[in-house]
Every structure is written in structure tokens, then in C-alpha cells.
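# Summary of the model geometry
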Amino acid sequence: ATQHVPTFNSTIFAHRGLPSRAPENTLAAFDLAADEGATWIETDVDIIADGTPIIIHDTALDRTTDHRGKLYDIATAEELAGIDAGSWFAPEFASERVITLDALVDLLNRRKLNANIEIKANEQGAERTIVLVDAIASSLARLDDEREIIISSFSQPVLMTFHARHPEYAIGVLYETAALYDDWLSVLELCGASYIHPEDAGLTRERVQAFRDAGYGVNVWTVDARDRANELLNWGATGVFTNIADQLIR
Ligand code: G3P
Ligand code: MG
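In this text the structure is predicted, and so the values were computed from the model without any measurement. (Residues numbered from 1 in each chain as written. Chains lettered and ligands numbered in written order. Predicted model: local features only at pLDDT ≥ 70, side-chain atom pairs only at ≥ 80, totals over all residues. Heavy atoms only, no water.)

### Some words on the site of ligand 1
What counts is decided by this rule: To be near a molecule or strand, a residue needs just one of its heavy atoms within 4 Å of it. Here a polar contact means two N or O atoms within 3.5 Å. Within protein one must be a hydrogen donor candidate and the other an acceptor candidate, and residues neighboring in sequence count only if both atoms are side-chain atoms. Per-residue and other accessible areas follow the Shrake-Rupley method at a 1.4 Å probe size, with only the shown protein chains counted as cover for residues. All amino acids are sorted into three groups, where Ala, Val, Leu, Ile, Met, Phe, Trp, Tyr, Cys and Pro are nonpolar, Asp, Glu, Lys and Arg are charged, and the leftover types, Gly among them, are polar.
Residues in close proximity to ligand 1 include His-15, Arg-16, Glu-42, Asp-44, His-57, Glu-118, Lys-120, Phe-154, Leu-174 and Trp-221, which together make up its full environment. The contact in question runs from an oxygen atom of ligand 1 to an N or O atom on the side chain of His-57, over 2.7 Å. Summarising the interface, the protein chains cover 91% of the accessible area of ligand 1, which totals 290 Å² for the free molecule. Residues belonging to the shell around ligand 1 are distributed by class as follows: 3 nonpolar, 2 polar and 5 charged.

Given below as C-alpha cells:
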């Protein structure tokens, strides 16, 4: 991907694909989002034991697969072939697998999709954080030039590490409302961010305006009501993460 220049158009991010119609974070969910006209998807990334980045939201496999336990106990990417990431959602998705970031990159290139890559967890210490960010950057290097990427995380150390080592990628700092302290501008600057990604709950017009006045794009999560999405975008939010991208695009 080329150097990302934030455009600040209203962006609908298909959150984990289209998770109401296909199992979240699978090829089926992202393909469906593309079929419905999405141009941006959101997804969650972490690394397994051998350092391969994979696409999964939780640290545990339990909720979204037929396996139990932590993803850190998966030794190699080959083991992903034995994990069913679709049956929990509906029997017709039994062939869906937990995919690698490399497989997602192939899909982004093929379907001409842009992606918000949310880096998860940061549970394994500084050395693994470097393995994590370098492995993600190395996968993303295979993207076509015209693909756009935002790297986001709730973990500010992850974002600072990513930005220091791979400054060519746009950064978005994720915030839960309760954790949005008055030091946000310092955090955004230290992370090299172009975007702030605040939680929807309690977000006000004044706050959106303050973020925009400071020069940042504002992408809000997770907005599943059309009226609220319109309100936020009218206030100057640059995008919304939504589980109903198909309905908001229409
Ligand atoms: O990236 C926006 C949103 O996905 C953050 O929360 O828990 O859905 O990954 P979560
Ligand atoms: Mg996410």
C-alpha cells in the first residue's frame, strides 16, 4: 500500500464483515460486505505461537470456533485448517476457517477493499509486540498500491511501536468512552495518529468538533442505528464502524 493520506470522506466500515449474515471475520463475511458495496472493512488481528498474524476478535477460540482455548496455543498456520469458524453461526458456513492476515490481504486485493486493521490484545510483552507489528507490516506489504489501510488498537504501546517501525501506515487510536481522558491530544500525537476512534456511547457534538478542530479524522464504533450514524456524520465524524453496513450503504 502507498502512503495513506486521510481523505475524511464519510466512510462506512463493515465491522468484522457483515456479521449479521455470515460468521464474523471470515472470508464469507468480508465477501458478502464487498457484494453489498462496502469499500472498507474492519477486522481484528493477533498472532499465534509461531508469529503468524490471524484474523480473530477474541483471545479465546471458544465463541467463534469449534475449538477451545487461547489462540496463542495454536502452533502454526497449518493448524487453522482444522478449526471450524462457521458452524457456530449456521451449518451452511461449516467450511469457513480462521484465516491468516495473508489470506485477508489476498481478498482485499481481489475485491478491491480497504481495511481498518485493529491490532488486539498485547498480552505477551514487549518482545512479542515487536514480532506482532513486524509480522503485520510484512503481510500488508503484499497489498496492491491503491489499497488503503488504517492501523488501530486500544493498546497505545502497540500503536507507538507500529508507528515507530512502520511510519508509512495511518494510525487510529481506539477509545472506550470511560478511558477517554483529557490527555487524548498528547496520546494521538505520541502515536503518530491521523484518526481517533471513539466509542459511540456518550459521544457529543462538542467532542467530535474538538477532535476535528485538532485536525483528526473521527471514526466512531459501533453504530448500528441509521439515525445515529447520520447524526454523527452530520456532526463531522469521518466514519462509522457498523454491523449493518449493507443497510447503511443502501
Ligand atoms: O475497531 C472498532 C471496534 O471493532 C472496536 O471494538 O471489540 O468490536 O473490536 P471491538
Ligand atoms: Mg474490532
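### Some words on the environment of Arg-205
Defined as follows: Numbering of helices and strands starts at the N terminus; helices are DSSP runs of H or I of at least 4 residues and strands are runs of E of at least 2.
In this structure, Arg-205 sits in helix α6 (residues 205-213). Separated by 128 residues in the primary sequence, Arg-205 and Ala-77 place their C-alpha atoms 44 Å from one another.

### Observations concerning helix α1 (residues 27-35)
Selection criterion: Partly exposed describes any residue whose relative accessible area lies between the buried limit of under 20% and the exposed limit of over 50%, with all areas from a 1.4 Å probe on protein chains only and scaled to the type maximum. By definition in these notes, contact holds between two residues if any of their heavy atoms fall within 4.5 Å.
The element α1 is largely enclosed, with a buried count of 7 among its 9 residues. Among all positions in α1, only Ala-28, Ala-29, Phe-30, Asp-31, Leu-32, Ala-33 and Ala-34 are buried. Of the surrounding elements, those touching the buried residues of α1 are β1 (11-15), β2 (40-47), β3 (53-55) and α2 (101-111). Positive backbone phi, approximately 100°, marks Gly-37, located one or two places after α1.

### Some words on the coordination of the magnesium ion (ligand 2)
Which entries qualify depends on this criterion: The rule for donors is simple: N, O or S, within 2.8 Å of the metal, or within 3.2 Å if the metal is Na, K or Ca. Water isn't counted, so a site may look like it is missing partners.
Those protein atoms acting as donors to the magnesium ion (ligand 2) are Glu-42 (OE), Asp-44 (OD) and Glu-118 (OE), and they sit at 1.9 to 2.1 Å. In primary sequence terms, the donor set of the magnesium ion (ligand 2) follows E-x1-D-x73-E. With Glu-42 in strand β2 and Glu-118 in strand β4 (residues 114-119), the pair connects residues that are 76 residues apart, well separated along the chain. Overall, the relative accessible area of 3% leaves Glu-42 in the buried class.

### Side note on unusual backbone geometry
Omega for the bond connecting Trp-221 with Thr-222 falls within 30 degrees of zero, at -25°, which places this linkage in the cis form. On the secondary structure map, Thr-222 appears in the loop between β8 (217-220) and α7 (226-235).

### Some words on the packing of helix α3 (residues 125-140) against helix α4 (residues 156-165)
Spelled out, the test is: Each axis is a line fitted through C-alpha atoms, taken for helices only over the stretch in contact, and angles between the N-to-C directions span 0 to 180 degrees. Small angles under 35 degrees read as roughly parallel and large ones over 145 as roughly antiparallel, with 65 to 115 read as roughly perpendicular and the rest as oblique. Handedness of each helix crossing follows the sense of rotation of the near helix against the far helix: counterclockwise by less than a right angle gives left-handed, clockwise gives right-handed.
Across the interface, α3 lies against α4 with an axial gap of 10 Å and an inter-helix angle of 55°. In terms of orientation, α3 and α4 fall into the oblique class. As α3 packs across α4, the resulting crossing turns out to be right-handed. Across the interface between the two elements, Thr-129, Ile-130, Leu-132, Val-133, Asp-134, Ile-136 and Ala-137 of α3 pack against Val-158, Thr-161, Phe-162 and Arg-165 of α4. A per-class count over the contact of α3 with α4 returns 7 nonpolar, 2 polar and 2 charged.

### So, the pairing of strand β6 (residues 170-175)
Regular strands place their side chains on alternate faces of the sheet. Definition in use: Orient the strands so they point away from the viewer, and a crossover whose first-strand-to-second-strand path over the helix runs clockwise is right-handed. In this scheme, strands are said to pair when DSSP sees at least two bridges between them.
β6 sits mainly inside the fold: 6 of its 6 residues count as buried. Of the two faces of β6, both are covered, the one formed by Ala-170, Gly-172 and Leu-174 as well as the one formed by Ile-171, Val-173 and Tyr-175. Handedness of the crossover joining strand β5 (residues 149-153) and β6 through α4 is recorded here as right-handed. Two strands pair when backbone bridges link them, and β6 and strand β7 (residues 195-198) are joined in this way by 4 bridges, in the parallel orientation. Note that in β7 the partner of Val-173 across the bridge is Ile-196.

### Some points on the pairing of β2
With 8 of 8 residues buried, β2 lies mostly within the body of the structure. In β2, alternate side chains face the same way, and those of Trp-40, Glu-42, Asp-44 and Asp-46 on one face and Ile-41, Thr-43, Val-45 and Ile-47 on the other are all buried. In this fold, β1 hands off to α1, which returns the chain to β2; that crossover is right-handed. The pairing of β2 with β4 spans 6 bridges and is classified as parallel. Bridge assignment links Asp-44 to a residue of β4, and that residue is Glu-118. What sits between the antiparallel neighbours β2 and β3 is a turn of 5 residues, in which Gly-51 has the positive phi angle 90°.

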